[in-house]
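A closer look at the structure
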Amino acid sequence: MFILVQKKCSNMFFILSLIMLTSTFPFVGLIPIVLVLCFEKVRKGESSWKELATFQNIVGIVVIGGVSFLYLVGNLSGEKIGQTDEVVTLRQLIPIVLRDAVFFYLEAGIYLQFVCLYRKKDMLLKVLAVILVICPFIKVGNGGDFCMRVSIPALFILMVFGIETLERLYKEQRKRLLILYCVILLIGAITPFNEIHRTIQETILKAGHVQNQRSEIALETELLQYENFSGVPDGNIFFQYFTKDR
């Protein structure tokens, strides 16, 4: 939201750099969004390319981004890119493509369709669609974290646009579209409701499990998922020099 409300490009990369360490996957998802926002501001004359080279932007890219990169570059899960040697025939490819198309439409496309009523020519909306199409096909680490996390900024902005669409449909008294849109939103709410329920349930189960097994090994393998969210820092430049014991 802080990035979206920026009137100029002078702080964009500095703000972006602040989440690189704590929210690495969403950081990746925000990169194309920030680039498009900057391009659009320059194109519309609201800002200039010179404003990208401000002190805070340079500090964000070089200092914060550089140190964060040195820490993250040794991540074990980042070295595991999902690949398959399976040969897919044309007969197998067709249902796969149809499945992915249905998945995209139900997860994002149906909402994009409504948002397009008012933002059809918006370059940012097109970029959001591209991000959401690409994300499911990229796998980093042992789980589906890339798809689920990198898509967060795009989904969040789509949510903001969706709220705007809801408000405009109400103000313009487009009753049929408004009712249809509300029904779709209510059906879509089933997924986040299940996620909230799953989070509460899993938290209770994990807490009880850790109380019974308080060893550091159990903590790392069960909660931090060794080799996915945590790993051995040996050979990492950050741990070798920045956190070296004095």
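Residues numbered from 1 in each chain as written. Predicted model: local features only at pLDDT ≥ 70, side-chain atom pairs only at ≥ 80, totals over all residues. Heavy atoms only, no water.

Some words on helix α2 (residues 24-43)
Short version of the rule: Counting from the N terminus, the helices are DSSP H or I runs at least four residues long and the strands are E runs at least two residues long. Any helix carries an expected span of 1.5 Å times its number of residues minus one. The angle between axes fitted to the seven-residue stretch ending at a residue and the seven-residue stretch beginning at it gives the bend at that residue. Residue burial is assigned from relative accessible area. The probe radius is 1.4 Å, only protein chains are included, and a residue is buried under 20% of its type maximum, exposed over 50%, and partly exposed in between. Should any heavy atoms of two residues lie within 4.5 Å, those residues are counted as being in contact.
For α2, spanning 20 residues, the distance from its first C-alpha to its last is 29 Å, which sits close to the expected 28 Å at 1.5 Å a residue. In the structure, α2 departs most strongly from a straight axis at Leu-30, where the bend amounts to approximately 30 degrees and where the proline Pro-32 lies between one and four residues downstream. Turning to α2, its buried residues number three or more, namely Pro-26, Phe-27, Gly-29, Leu-30, Ile-33, Val-34, Val-36, Leu-37, Cys-38, Glu-40, Lys-41 and Val-42. On its buried face, α2 is in contact with α1 (12-17), α5 (123-134), α6 (145-150) and α7 (152-171).

Quick notes on the confidence of the model for the chain
We apply this condition: pLDDT measures the predictor's confidence residue by residue and takes values from 0 up to 100.
Here the chain shows a mean pLDDT of 84. Residues at 70 or above account for 81%. Per-residue pLDDT, averaged within each element of the chain, yields its smallest value for helix α10 (residues 216-223) (57) and its largest for α7 (95).

Comments concerning the environment of Ser-48
Within the secondary structure, Ser-48 is located in the loop between α2 and α3 (55-72). Under the relative-accessibility criterion, Ser-48 is labelled partly exposed at 28%. A sequence separation of 10 residues divides Ser-48 from Cys-38, and the C-alpha atoms of the two residues are 8.6 Å apart.

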